[in-house]
Protein chains: 2
Amino acid sequence: MFISTRGRYAIRIMIDLAEQNSSDFIPLKDIAERQDISEKYLESIINQLVKGRLVTGRRGKGGGYKLLKNCQDYTIYDILVLTETSLAPVACLDDNGEGCRRATTCKTFPFWKELDQTITQFLSHRTLADLLEEHTGGNYCI
Amino acid sequence: MFISTRGRYAIRIMIDLAEQNSSDFIPLKDIAERQDISEKYLESIINQLVKGRLVTGRRGKGGGYKLLKNCQDYTIYDILVLTETSLAPVACLDDNGEGCRRATTCKTFPFWKELDQTITQFLSHRTLADLLEEHTGGNYCI
DNA sequence: CATATTCCTATCATATCACATGGAAATTAA
DNA sequence: TTAATTTCCATGTGATATGATAGGAATATG
Ligand code: FES
Ligand code: FES
């Protein structure tokens, strides 16, 4: 599996926040209920989104989370690159593993690079706004 | 990681067989040595390729494995679909999991489907012959 | 103060991956 | 026929990643 629950849940969090269409902070408890996902698990995911400056959080009564930008300004790539451990389709392309020793001679390497580019382009050409439009025809955003 | 070593090794096996450019059976031991991969691990992989009719094997002295078709007639998709447990980028698309309960209403589902199609198209439009040409400029195949 | 909520640091169960072990069956060369 | 070779088959194993869970400290409201 390429995209794990972390990344998928992260996108659903972002969509949920966008759909509230509010300038208030939204408590994670509400998101967890609506999305039917463990609040504690979502916590660890949304923390990554906060650290990556995709959303901001406020503690205490009346606190919660809120988007920092308009949803057409979030690409799916932005969200996944923060929450997935790696977006490389094969280990040979992974920077953490210093790439592959065989890469210079291996006949498959150029192919993997092309696959990676294809996927990355796809993910970075779609925004949160695109996903919101899917089922409604209208745009929740702005 | 999307494609595991199984799929990657399977492709390298197929490339290795094609490069020998021989009508003889090639022993797995030789392939394992050339590719520097555990023979026993390759064994379980190439078995899947045999069962999927991509290659054929013969036991005993002078035995080994050999391709059944010309290499331009093998797509990368053909190879990976046999050796990877799933080529679905997300669990929501996986048939084994009967897909996702939320799929009908979830705003991310159409997006995942498009991603899946993009990847599948990429994989099924490249053949073994394409990979062989990468580094040589020439075509080993036929 | 009491309450709500984010933040932070662990821990855990399960599954998958990459590979190893130990043979049985088939094929050929001697 | 015998020995050597090689595919076929089933099962085991250690490491790692995934998908959570638990407990509590810090911060904000009223
Ligand atoms: S084995 Fe890593 S690029 Fe081929
Ligand atoms: S959660 Fe499965 S399609 Fe959205």
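Preceding this section is the structure that the text describes.
Attention here is on the structure that accompanies the text. Note that the structure is predicted; figures quoted are calculated from it, not measured. (Residues numbered from 1 in each chain as written. Chains lettered and ligands numbered in written order. Predicted model: local features only at pLDDT ≥ 70, side-chain atom pairs only at ≥ 80, totals over all residues. Heavy atoms only, no water.)

### Digging into the relation of the copies chain B and chain A
For step 1, the next point in the chain: With an axial shift of 0.0 Å and an RMSD of 0.1 Å, the rotation relating chain B to chain A amounts to 180 degrees. Interpreted geometrically, this transformation is the action of a two-fold axis. Rotation axis and chain B: the residue whose C-alpha lies nearest the axis is B:Phe2, separated from it by 2.2 Å.
For step 2, the next point in the chain: When the interface residues of chain B are mapped onto chain A, 100% of them again fall at the interface, so both copies present the same face. (Least-squares fit on C-alpha atoms with pLDDT ≥ 70 in both. Contact = heavy atoms within 4.5 Å.)

### Digging into the pattern of salt bridges
For step 1, the next point in the chain: Overall, the coordinates contain 8 salt bridges over all chains when judged by the stated rule.
For step 2, the next point in the chain: A salt bridge links A:Arg34 to A:Asp16; its shortest N-O distance comes to 2.8 Å. Taken together, the positions of A:Arg34 in helix H2 (residues 28-35) and A:Asp16 in helix H1 (residues 5-20) put the pair 18 residues apart, joining distant regions of the chain.
For step 3, the next point in the chain: Relative accessible area serves as the criterion here: at 1%, A:Asp16 is assigned to the buried category.
For step 4, the next point in the chain: For A:Glu114, the salt bridge goes to B:Arg126, with nearest N and O atoms at 2.7 Å. Within this pair, whereas A:Glu114 is found in helix H5 (residues 109-124), its partner B:Arg126 is found in the loop between helix H5 (109-124) and helix H6 (128-136), the two belonging to separate chains. (Salt bridge = Lys/Arg side-chain N within 4 Å of Asp/Glu carboxyl O. Helix = DSSP H or I, 4+ residues; strand = E, 2+ residues; numbered from the N terminus. Buried < 20%, exposed > 50% of the residue type's maximum accessible area, 1.4 Å probe, protein only.)

### Notes on the packing of aromatic side chains
For step 1, the next point in the chain: What the rule picks out here adds up to 7 aromatic pairs over all chains.
For step 2, the next point in the chain: Among the aromatic residues, those joined into a ring-pair cluster are A:Phe111, A:Trp112 and B:Phe122.
For step 3, the next point in the chain: The ring of B:Phe25 carries the charged tip of B:Lys66 above its face, separated from the ring centre by 4.4 Å.
For step 4, the next point in the chain: When the ring centre of B:Tyr74 is taken as reference, the NZ or CZ atom of B:Lys69 above it lies at 5.0 Å. (Phe/Tyr/Trp six-rings, centres within 6.5 Å; stacked < 30°, edge-to-face > 60°. Lys NZ or Arg CZ within 6 Å of the ring centre and 35° of its normal.)

### A closer look at the protein's contact with DNA strand D
For step 1, the next point in the chain: Neighbouring DNA strand D are 25 residues; A:Ser38, A:Lys40, A:Arg59, B:Leu28 and B:Glu43 lie closest to it.
For step 2, the next point in the chain: What you see for DNA strand D is that sugar and phosphate hold 65% of its atoms within 4 Å of the protein.
For step 3, the next point in the chain: Between DNA strand D and the protein, one listed contact pairs a phosphate oxygen with a side-chain N or O atom of A:Thr5 at 3.0 Å.
For step 4, the next point in the chain: A distance of 3.3 Å separates a base oxygen of DNA strand D from a polar atom in the backbone of B:Gly60.
For step 5, the next point in the chain: Secondary-structure elements contributing two or more residues to the surface near DNA strand D are H1 and helix H3 (39-51) of chain A together with helix H3 (39-51), strand E1 (55-58) and strand E2 (64-67) of chain B.
For step 6, the next point in the chain: When residues in the surface near DNA strand D are grouped by element, the largest group, 5 residues, is from H3(B).
For step 7, the next point in the chain: Across the surface near DNA strand D, the residue classes tally to 6 nonpolar, 9 polar and 10 charged. (Near = heavy atom within 4 Å. Polar contact = N/O pair within 3.5 Å; in protein donor to acceptor, adjacent residues only side chain to side chain. Nonpolar A, V, L, I, M, F, W, Y, C, P; charged D, E, K, R; others polar.)

### Side note on helix H1 (residues 5-20) of chain B
Residues and elements named next belong to chain B.
For step 1, the next point in the chain: With 16 residues, H1 should reach 22 Å at 1.5 Å per residue; the first-to-last C-alpha distance of 22 Å fits that figure.
For step 2, the next point in the chain: Most of H1 is tucked away, with 12 of its 16 residues classed as buried.
For step 3, the next point in the chain: Those residues of H1 that fall on the buried side of the exposure criterion are Gly7, Arg8, Tyr9, Ala10, Ile11, Arg12, Ile13, Met14, Ile15, Asp16, Leu17 and Ala18. (Expected span 1.5 Å × (residues − 1).)

### Quick word on the protein's contact with DNA strand C
For step 1, the next point in the chain: Close to DNA strand C lie 27 residues; A:Leu28, A:Glu43, B:Thr5, B:Ser38 and B:Lys40 are nearest.
For step 2, the next point in the chain: Close to the protein, within 4 Å, the atoms of DNA strand C belong to sugar or phosphate groups at a rate of 66%.
For step 3, the next point in the chain: One of the backbone N or O atoms of B:Lys61 is found 3.3 Å from a base oxygen in DNA strand C.
For step 4, the next point in the chain: Here the surface near DNA strand C gets 5 residues from one element, more than from any other, and that element is H3(A).
For step 5, the next point in the chain: Here the residues of the surface near DNA strand C are counted per class, giving 6 nonpolar, 10 polar and 11 charged.

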